[in-house]
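# Descriptive analysis of the structure
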Amino acid sequence: MSSVSFTGPPVPNYAPSLACSFHPGRFYFLSPAMVLSNFVLPKIRWFAAGKNFLHVEKYSEYERQGCSIYRMTSIWPSVESVLVLADAAAIKEVTSSRARFPKPIEVYGSLAFFGRNIVVSEGDEWKKYRKISAPAFSERNNKLVWDETVKIMEDLFRDVWGYKESVTVDNALDITFQLALFVIGAAGFGKRMSWQDSKVPPPGHKLTFRDALHRVAVGIFVKLAVPKWAMGLTERTRQVQISFDELEFMQKYILEMIHERREGGSVERHDLFTNLLESNNMDEGPNVLMERELVGNIFIFLIAGHETTAHTLCFTLAFLALYQDEQEKLYNDLKSVLADGRLPAYEDRTRLNRCLAAIYETMRIVTPVTNIPKCSAEDTTLTATNAQGEKVVIPVPKGTTIAVNGSGLHRNPQYWEEPYEYRPDRFMGDYNRDAFLPFSGGARSCMGRKFSESEGVAALAMLVSKYKITVKEEPQFTHETFEQRRERILDCRSGITVTPIRVPLVFTRRD
């Protein structure tokens with residue numbers, strides 16, 4: 001049976017680490033890291049944790065266990081205990097101590113299908129990738145992201161929506177997914193795509209570049225979870241395999257781009273791909289990336305950045321549609337910044353704090369990656385807080401698997417007042433930054449954070465300044481309560497990141 005982390009790539013089975021088994025926790029027959037347990041079965045007492053369980057449970061299991069760290073023990077496919085963390089101090093210690101708590105890179109081995117990259121590496125190899133990649137995420141690239149996002153949103157309003165008074169979409173993810181795809185295409189690869197691009201594949205290909213990227217982004221989780229021999233068993237897995245076959249052809253295209261840009265002289269570009277090449281060309285010796293490593297890293301930036309931004313923006317639109325008072329606050333804020341009705345410029349970003357606060361509050365409640373896997377490289381301890389506010393020291397033997405639970409951390413009432421309520425105002429002032437972990441933490445925190453934030457704020461400013469967002473009224477849901485509507489609109493499933501299922505919205509032009 002294939003296995004995956006609680007919201008992502010396959011997880012190895014470490015040697016039993018049961019010295020921490022006295023600590024409060026629970027038992028399941030199936031490992032929560034297995035596909036069957038976390039992506040197929042509902043919660044079954046003593047047997048399976050259930051689909052998307054960390055997001056579903058939020059902080060409730062910690063309250064039941066009476067501690068901000070609890071233990072999960074399972075016996076199949078091997079006996080193992082995992083420590084699940086929602087304590088800000090303990091998480092900071094784990095994410096800041098790479099030597100003591102390294103990333104178990106074997107978990108992410110499947111993400112190396114396009115070449116070695118920053119996600120699947122540790123130690124000196126990771127330092128090499130970080131050194132070359134970090135300069136690529138520059139201020140010039142962030143501005144490019146912003147400008148491309150504004151242009152793409154203008155094209156959406158004009159070419160797709162036709163400046164209609166009202167536009168109904170059955171699933172807002174269809175909009176945000178393509179937006180993120182177009183932005184990463186332009187600001188990541190220097191390849192512009194549009195809502196009106198031809199859907200006819202070029203000669204010798206089964207898919208267009210746009211459709212192949214889209215299907216890979218949708219189907220990458222299937223590719224990671226399903227064995228290669230089983231990829232032809234269903235129509236969905238066959239389509240995913242076709243997409244990956246196409247992108248293997250496109251590796252040649254990317255290599256051609258590398259050669260063209262190296263030989264193309266001093267044409268000024270600020271996309272991520274070009275920046276990565278320039279950074280690599282400035283280095284020497286063992287730190288220089290091979291061509292396959294360049295391809296591997298650019299593709300991992302594509303997958304990671306595209307999905308996180310698309311899903312987060314979709315959930316943000318859902319929250320604003322549900323909470324009209326918060327949407328009105330945001331609209332009034334936008335009117336004050338963009339008083340003359342102009343388009344948002346990159347220079348406005350520091351004044352659009354409420355846009356960012358709305359996105360942050362979305363990421364707090366719907367944490368994109370609920371589990372960040374770590375392991376203990378030595379015998380050590382972690383300190384948690386129990387229900388009485390007392391400190392509890394927990395032994396952590398060498399080899400222990402650790403799950404940094406962002407969903408639990410973000411609902412911990414020790415750090416967040418009324419943690420289950422959508423209140424963007426909490427990010428308009430000071431807040432506990434150690435208790436907010438949507439982009440991971442420590443040295444391995446996400447390099448693409450500003451890229452994602454630039455895109456999200458620009459897109460949200462464009463949408464809310466021009467359109468009022470409401471939930472689509474459907475007759476079968478006429479009598480639902482607000483709580484039922486919120487649960488329906490925010491319903492989600494596991495994937496590389498937490499994925500919205502269906503967000504039906506109406507966009508009505510403002511006066």
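Every chain's residues receive numbers from 1 upward, in the order its sequence appears when written. Only residues with pLDDT of at least 70 get local features here, since the model is predicted, and only at 80 or more are side-chain atom pairs given and counted; chain-wide, interface and lining totals rely on the full set of residues. In computing side-chain properties, one takes all heavy atoms of the structure into account and sets aside hydrogens as well as water.

## Focus: the overall build of the chain
Test applied: We count a stretch as a helix when DSSP gives it H or I for four or more residues in a row; a strand needs E for two or more, and each element gets its number in order from the N terminus. The criterion used for residue contact is that any of the two residues' heavy atoms lie within 4.5 Å.
Per the secondary structure count, the chain includes 16 helices and 12 strands. Contacts in the chain between residues far apart in sequence, at least 24 positions, make up 73% of those at least 6 positions apart.

## Focus on the pattern of salt bridges
Convention followed: Definition used for salt bridges: Asp or Glu carboxyl oxygen within 4 Å of a side-chain nitrogen of Lys or Arg. Buried, partly exposed and exposed residues are distinguished by accessible area as a fraction of the type maximum, computed with a 1.4 Å probe on protein chains only: under 20%, between the cut-offs, and over 50%, respectively.
This structure, assessed with the given rule, holds 33 salt bridges. With a closest N to O distance of 2.9 Å, Asp-159 and Arg-158 form a salt bridge. The exposure class of Arg-158 is partly exposed, given its relative accessible area of 39%. With a shortest N-O distance of 3.0 Å, Arg-426 and Glu-361 are connected by a salt bridge. In this pair, Arg-426 sits in the loop between α14 (406–409) and α15 (449–466) while Glu-361 sits in helix α13 (residues 353–365), placing the two residues 65 residues apart along the sequence. Accessibility expressed as a relative area gives 10% for Arg-426, which makes it buried. One network of salt bridges, in which partners are shared, links Asp-170, Lys-472, Glu-473, Glu-474, Glu-480, Arg-485, Arg-488 and Arg-502.

## Description of the nonpolar core
Defined as follows: Only buried Ala, Val, Leu, Ile, Met, Phe, Trp, Tyr and Cys residues count toward a nonpolar core, and they belong to the same one when joined by side-chain atoms within 4.5 Å.
Leu-85, Trp-161, Leu-460, Leu-505 and Phe-507 are the most contacted members of the largest nonpolar core, which has 124 residues in total. With 18 residues, the single largest contributor to this core is helix α11 (residues 291–322). Excluding its chain neighbours within four sequence positions, the residues that come into contact with Trp-161 are Leu-156, Val-167, Ile-175, Leu-463, Tyr-467 and Phe-507. With 12 residues, the next largest nonpolar core counts Phe-53, Leu-54, Tyr-70 and Ala-86 among its residues.

## What about the sheet that holds strand β2 (residues 69–76)?
For clarity, the threshold we go by: Paired strands, in this sense, are two strands between which DSSP finds at least two bridges. Here an angle of 0 to 180 degrees is reported between the N-to-C directions of two axes, which are lines fitted to C-alpha atoms, with helices fitted over the stretch in contact.
Strand order in the open sheet made by the 5 strands is β1-β2-β3-β8-β5, with mixed pairing throughout. Strand pairing shows two members of the sheet lacking a second neighbour, β1 (25–30) and β5 (371–375), which therefore form its edges. The average undirected angle you get between the axes of adjacent strands in this sheet is 25°. Pairing geometry for β1 and β2, over 5 bridges, is parallel. Each residue of the ladder has a partner; that of Tyr-28, found in β2, is Ser-74. Sheet contacts for helix α4 (residues 88–96): β2, β3 (80–85), β5 and β8 (401–405); angle to β3, the most-contacted strand, approximately 110°.

## A short note on the packing of aromatic side chains
Basically, it comes down to this: Stacked, edge-to-face and tilted are the three classes for Phe, Tyr and Trp ring pairs, Trp counted by its six-membered ring, which pair at centre distances within 6.5 Å; planes under 30 degrees apart are stacked, over 60 edge-to-face, the rest tilted. Look at NZ for Lys and CZ for Arg. If either is within 6 Å of the ring centre and within 35 degrees of the ring normal, a charge sits over the ring.
In this structure the tally under the stated criterion is 22 aromatic pairs. In this structure an aromatic cluster arises from ring pairing among Tyr-360, Trp-416, Phe-427, Tyr-431 and Phe-436. Taking NZ or CZ as reference, Arg-433 lies 4.3 Å from the ring centre of Tyr-431, over its face. The ring of Tyr-331 carries the charged tip of Arg-510 above its face, separated from the ring centre by 3.9 Å.

## Points about the side chain of Ser-138
Relative to the helices and strands, Ser-138 is located in the loop between α5 (123–133) and α6 (139–160). The class of Ser-138 is buried, set by a relative accessible area of 16%.

## Here's the deal with the sheet that holds strand β9 (residues 467–471)
If you walk across this open sheet you meet the 3 strands as β4-β12-β9, and the pairing is antiparallel. Sheet topology places β4 (166–169) and β9 at the edges, where each strand pairs with a single neighbour. Across this sheet, the average inter-strand angle for adjacent strands is 20°, counted without regard to direction. Inspection of the sheet shows β4 paired to strand β12 (residues 505–509) by 4 bridges, in the antiparallel sense. Counted as the bridge partner of Val-167 is Phe-507 from β12.

## What about helix α16 (residues 482–489)?
Cut-off, in case you're wondering: Directions drawn from the helix axis to the C-beta atoms are what define this arc.
Along α16, the residues that are buried comprise Arg-485, Arg-486, Arg-488 and Ile-489. Along the long axis of α16, the arc covered by the buried residues comes to 165°, so they all point the same way. Across α16 from its buried face, at more than 90 degrees, point the exposed residues Glu-483 and Glu-487. Structurally, α16 contributes buried residues whose contacts are with α11, α13 and β9.

## Here we look at the environment of Gly-296
Position of Gly-296 relative to the elements: it lies in helix α11. Among the residues examined, Gly-296 registers a relative accessible area of 2% and is labelled buried. Once the C-alpha coordinates of Gly-296 and Ala-112 are considered, the two residues, 184 residues apart in sequence, prove to be 6.8 Å apart. Every residue in contact with Gly-296, bar those within four places of it in the chain, is listed here: Phe-114, Gly-115, Arg-116 and Asn-117.

## Considerations on the pairing of β12
Of the pairings in the sheet, the one linking β9 to β12 comprises 5 bridges and is antiparallel in character. Paired with Lys-468 across the strands is Thr-508, a residue of β12.

## Some details on the packing of helix α7 (residues 173–189) against α15
Formally: Roughly parallel means an angle under 35 degrees; roughly antiparallel means over 145; roughly perpendicular covers 65 to 115; every other angle is labelled oblique. With the far helix as reference, a near helix turned anticlockwise by less than a right angle produces a left-handed crossing, and one turned clockwise produces a right-handed crossing.
One can describe the packing of α7 onto α15 by two numbers: an axis separation of 12 Å at closest approach and a directional angle of 130°. With respect to each other, α7 and α15 are oriented oblique. The hand of the α7/α15 crossing is right-handed. On α15, the residues touching Leu-179, Ala-180, Val-183, Ile-184 and Ala-187 of α7 are Phe-451, Glu-455 and Ala-459.

## Describing the environment of Lys-143
The line we're drawing: Each polar contact in these results corresponds to two N or O atoms within 3.5 Å; when the atoms are within protein, one needs to be able to donate a hydrogen and the other to accept it, and residues that are neighboring in sequence are counted only if both atoms are side-chain atoms.
The residue Lys-143 is located in helix α6 in this model. The spatial distance from the C-alpha of Lys-143 to the C-alpha of Phe-451 is 8.9 Å, given a sequence separation of 308 residues. Not counting the four nearest positions on each side in its chain, Lys-143 is found in contact with Tyr-346 and Glu-347. At a separation of 2.8 Å, a polar atom in the side chain of Lys-143 contacts the side chain of Asp-147.

## Concerning α13
Residues three or four positions apart in an α-helix share a direction because the helix packs 3.6 residues into each turn. Heads up, the condition is: Helix span is expected to be 1.5 Å times the residue number reduced by one.
Over its 13 residues, α13 runs 18 Å from end to end, which matches the ideal 18 Å to within 8%, given 1.5 Å per residue. Extensive coverage of α13 is indicated by the burial of 11 of its 13 residues. If you check which residues of α13 are buried, you get Arg-354, Cys-355, Ala-357, Ala-358, Ile-359, Tyr-360, Glu-361, Thr-362, Met-363, Arg-364 and Ile-365.

## Examining unusual backbone geometry
Backbone torsion omega between Trp-76 and Pro-77 reads 10°, so that peptide bond is classified as cis. By the element assignment, Pro-77 lies in the loop between β2 and β3. For Lys-58, which is not a glycine, the phi torsion comes out positive at approximately 55°. Mapping Lys-58 onto the fold places it in the loop between α2 (53–57) and α3 (60–65). When its relative accessible area of 19% is taken as the criterion, Lys-58 is described as buried. You will see that Tyr-163, though not glycine, has its phi angle at about 55°, which is positive. With respect to the helices and strands, Tyr-163 occurs in the loop between α6 and β4.

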